[in-house]
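Single-letter residue listing:
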Amino acid sequence: MPEPILQVENLYVEFKIDEGIVRAVNGISFDLRAGETLGIVGESGSGKTVLNLAMLGLIPQPPGKITSGSARYRDEELLKMNDKRLSQIRGHRIAMIFQDPMTALNPFLAVEEQLTEVTRLHLGHTHDEAIKHAITMLDKVGIPSAEKRIFDYPHQFSGGMRQRVMIAMALSCNPDILIADEPTTSLDVTIQSQILDLMKELQKTEGTSIILITHDLGVVAKACHRVLVMYAGKIVERADADSLFANPRHPYTRGLLESVPRWDSERGDSLQAIPGQPPHLVDLPTGCSFYERCTYRQDSCRESVPNLVDRPDDGQFACFVNIDQVKPKELV
Ligand SMILES: Nc1ncnc2c1ncn2[C@@H]1O[C@H](COP(=O)(O)OP(=O)(O)O)[C@@H](O)[C@H]1O
Ligand SMILES: [Mg+2]
């Protein structure tokens, strides 16, 4: 098994707001192995973005606060790193891409300036070297006539092409780790599929480890080796992607799987969500945080929080109930 290159242990992140403390990340541990794609799935608000921003020192403090935990990149602790070292690692060793490329790209600067800035800063490229490298990167991510397009501004690219520019920028220093936060959410299905293929291809040639954050299990099925399922700031299930799809053990995972639209569906990509809402993270319920929406729930699930236990094949899940032995009930 490849060595982990990133190890997160027992991470807690909270935000202080007027109503109280938002417990956004509630004791998360995982590792990322060299060369793998690790999927993080969960509905909006489950803490996926906060978890990843926290590792990179990008949580606004205040209102945010990392109250405990550790995040080790190779043999360095990210959470205790000084700003100078952290900014060397960010963008160079660990790069991040976002759902909306416009948050990462400056609309007022030609792509050329943005791409060359990164490698001049981190790799010490001269102007000419940087331009040459940027064109190679744009070429690699499949932008036609890269040597001309490099002088265009972000708005002159289509959504899919902008996403490619952002990937080119993120990958231009050949990072060890790429964190892709919903990188295809705003794109149509065909482009989405092209971008995922592109990431896979780059992983194959460069050996990049990828954390792929998504609320879409279809994306996970296509792109990930292992998966973490998050709910209300916790991991509720983790496994190899194949095992997870074949045999979900947590009612939430099963619900997500049932809500994945079939590829041949007439409804296209319209997601049939699990009924109900995640709990308000300011006052989390005493027992299982999925209780309110769980069709397998027992009275006892209200009393204590289920810890992660081993799944029969690989991985872990956090539920007291054996969902194969309990009949789901209608919730009223
Ligand atoms: N700056 C902030 N101030 C207050 N609450 C925040 C802030 N950023 C995130 N949160 C809260 O943290 C929780 C997790 O958010 P997030 O990680 O963005 O979810 P996800 O990426 O899974 O959709 C949400 O309840 C969100 O409202
Ligand atoms: Mg998010």
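Heads up: the structure comes first, above all this text.
Residues numbered from 1 in each chain as written. Chains lettered and ligands numbered in written order. Predicted model: local features only at pLDDT ≥ 70, side-chain atom pairs only at ≥ 80, totals over all residues.

Right, let's get into the environment of His-133. Topologically, His-133 is positioned in helix H5 (residues 127-140). Take His-133: there are 19 C-beta atoms within 10 Å of it, and that puts it in the partly exposed class. It is 38 Å that separates the C-alpha atoms of His-133 and Ala-239, two residues lying 106 residues apart in sequence. When residues no more than four places from it in sequence are discounted, the contact partners of His-133 are Thr-119, His-125 and Ser-172. (Helix = DSSP H or I, 4+ residues; strand = E, 2+ residues; numbered from the N terminus. Buried ≥ 20, exposed ≤ 12 C-beta atoms within 10 Å, placed from the backbone. Contact = placed C-beta atoms within 7 Å.)

Before going further, it helps to spend a moment on the pairing of strand S9 (residues 226-231). Among the 6 residues of S9, 6 are classified as buried, and the element is accordingly described as predominantly covered. The alternating pattern of S9 places Arg-226, Leu-228 and Met-230 on one face and Val-227, Val-229 and Tyr-231 on the opposite face, and all of these are buried. Pairing geometry for strand S3 (residues 37-41) and S9, over 4 bridges, is parallel. Paired with Leu-38 across the bridge in S9 is Arg-226. Judged from the 6 bridges that link them, S9 and strand S10 (residues 234-240) form a sheet pairing that is antiparallel. Each bridged residue has a counterpart across the sheet, and for Val-227 the counterpart in S10 is Ala-239. Where S9 folds back on S10, the antiparallel hairpin that results is connected by 2 residues, among which Ala-232 adopts a positive phi of roughly 45°. (Pairing = 2+ DSSP bridges.)

Okay, helix H7 (residues 159-171) next. In this model H7 runs 18 Å from its N-terminal to its C-terminal C-alpha over 13 residues, within 8% of the 18 Å that 1.5 Å per residue would give. Among the 13 residues in H7, 11 count as buried, and that is most of the element. Buried within H7 we find Met-161, Arg-162, Gln-163, Arg-164, Val-165, Met-166, Ile-167, Ala-168, Met-169, Ala-170 and Leu-171. (Expected span 1.5 Å × (residues − 1).)

Turning our eyes to something else, we now look at the pairing of strand S2 (residues 20-33). Bridge count between strand S1 (residues 4-17) and S2: 11 bridges; the pairing is antiparallel. Bridging from a neighbouring strand, Pro-4 pairs with Arg-33 of S2.

Attention shifts here to the sheet that holds S3. Reading across from one edge, S6-S7-S8-S3-S9-S10-S12-S11 is the order of the 8 strands in this open sheet, with mixed pairing throughout. Each edge of the sheet is formed by a strand with only one pairing partner; in this case those strands are strand S6 (94-97) and strand S11 (309-310). Both S6 and strand S7 (residues 177-181) contribute to a ladder of 4 bridges, which runs parallel. In the strand pairing of S7, Ile-97 is matched with Ala-180.

Here we come to the site of ligand 1. By nearness alone, 16 residues border ligand 1, and Phe-15, Ala-24, Lys-48, Thr-49 and Val-50 come closest of all. Elements represented by at least two residues in the shell around ligand 1 include exactly S1, S2 and helix H1 (48-55). Considering every element that reaches the shell around ligand 1, the biggest residue donor is H1, with 3 residues. Classifying every residue of the shell around ligand 1 by side-chain character gives 8 nonpolar, 7 polar and 1 charged. (Near = placed C-beta within 6 Å. Nonpolar A, V, L, I, M, F, W, Y, C, P; charged D, E, K, R; others polar.)

The subject of this paragraph is the environment of Val-236. The topology assignment puts Val-236 in strand S10. In this structure the C-alpha to C-alpha distance between Val-236 and Leu-86, which are 150 residues apart in sequence, comes to 30 Å. Beyond its immediate stretch of four places on either side in the chain, Val-236 contacts Val-229, Met-230, Tyr-231, His-250, Tyr-252, Phe-290, Phe-317 and Ala-318.

Here we take up unusual backbone geometry. With omega at -10°, the peptide bond leading from Gln-61 into Pro-62 counts as cis. Across the junction of Pro-62 and Pro-63, the peptide omega takes the value 10°, indicating a cis bond. As for its position among the elements, Pro-63 is in the loop between H1 and strand S4 (64-73). Positive phi, normally seen in glycine, also occurs at Asn-10, with a value near 50°. By the secondary structure assignment, Asn-10 is in strand S1. One non-glycine residue with positive phi stands out, namely Asn-174, at about 50°. Mapped onto the secondary structure, Asn-174 falls in the loop between H7 and S7.

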